[in-house]
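Inside the fold
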Amino acid sequence: AGSPDAAKMAKFGEGDPRWKVQEMGQGGRNVNNWHWTEADIMPLFKGKFEEVLDDKMILEGVTDAVPGLVAQLHCWKLDKCTGEA
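On a predicted model such as this, the values are computed, not experimentally measured, just so you know.

**Brief notes about the packing of aromatic side chains**
Here the structure, examined in full by the defined rule, presents one aromatic pair. When the centroid spacing of 6.1 Å and the interplanar angle of 45 degrees are considered together, the rings of Phe45 and Phe49 count as tilted. Linking Phe45 with Phe49, this pair stays in helix H2 (residues 42-53), spanning four residues, or about one helical turn.

Here you go:
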C-alpha cells in the first residue's frame, strides 16, 4: 500500500536524521522565504511607479485617424496606487 518510496520517507516525530527542520526550531522554517509569505510591498511598487511614470512622456506618435495629428500620452503625477501586491 502507498508509494514504493513510502518506507524511505522521513517520518515526523520519530527522530529521523533527515528531518532537519524539526531540529532547527523556528530558524529552520521557511528559510529564505521558500514557502508562501505575505508582505505588504505596495509602498515599493508605488515608489517604483512614481519613479518610472511621474512627469514622463509615455507615448508619442502620429495617429492614422487624422493625418498629421501627433498623439501624446504624458503622465504628470501618480495620484493613487491601489490593489494587492
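That covers the picture; the talk isn't over yet.
**Describing a nonpolar patch on the surface**
A cluster of nonpolar side chains, contributed by Ile41, Leu44, Phe45 and Phe49, occupies part of the molecular surface with about 360 Å² of accessible area. Within the element layout of this structure, Ile41 appears in the loop between helix H1 (20-24) and H2.

What counts, and at which threshold
- Residues numbered from 1 in each chain as written.
- Predicted model: local features only at pLDDT ≥ 70, side-chain atom pairs only at ≥ 80, totals over all residues.
- Heavy atoms only, no water.
- Phe/Tyr/Trp six-rings, centres within 6.5 Å; stacked < 30°, edge-to-face > 60°.
- Helix = DSSP H or I, 4+ residues; strand = E, 2+ residues; numbered from the N terminus.
- Patch = residues over 30% accessible without salt bridge, like charges linked within 9 Å, V, L, I, M, F, W, Y side chains within 5 Å.
- Areas by Shrake-Rupley, 256 points an atom, 1.4 Å probe, with all protein chains shown as cover.
- Salt bridge = Lys/Arg side-chain N within 4 Å of Asp/Glu carboxyl O.

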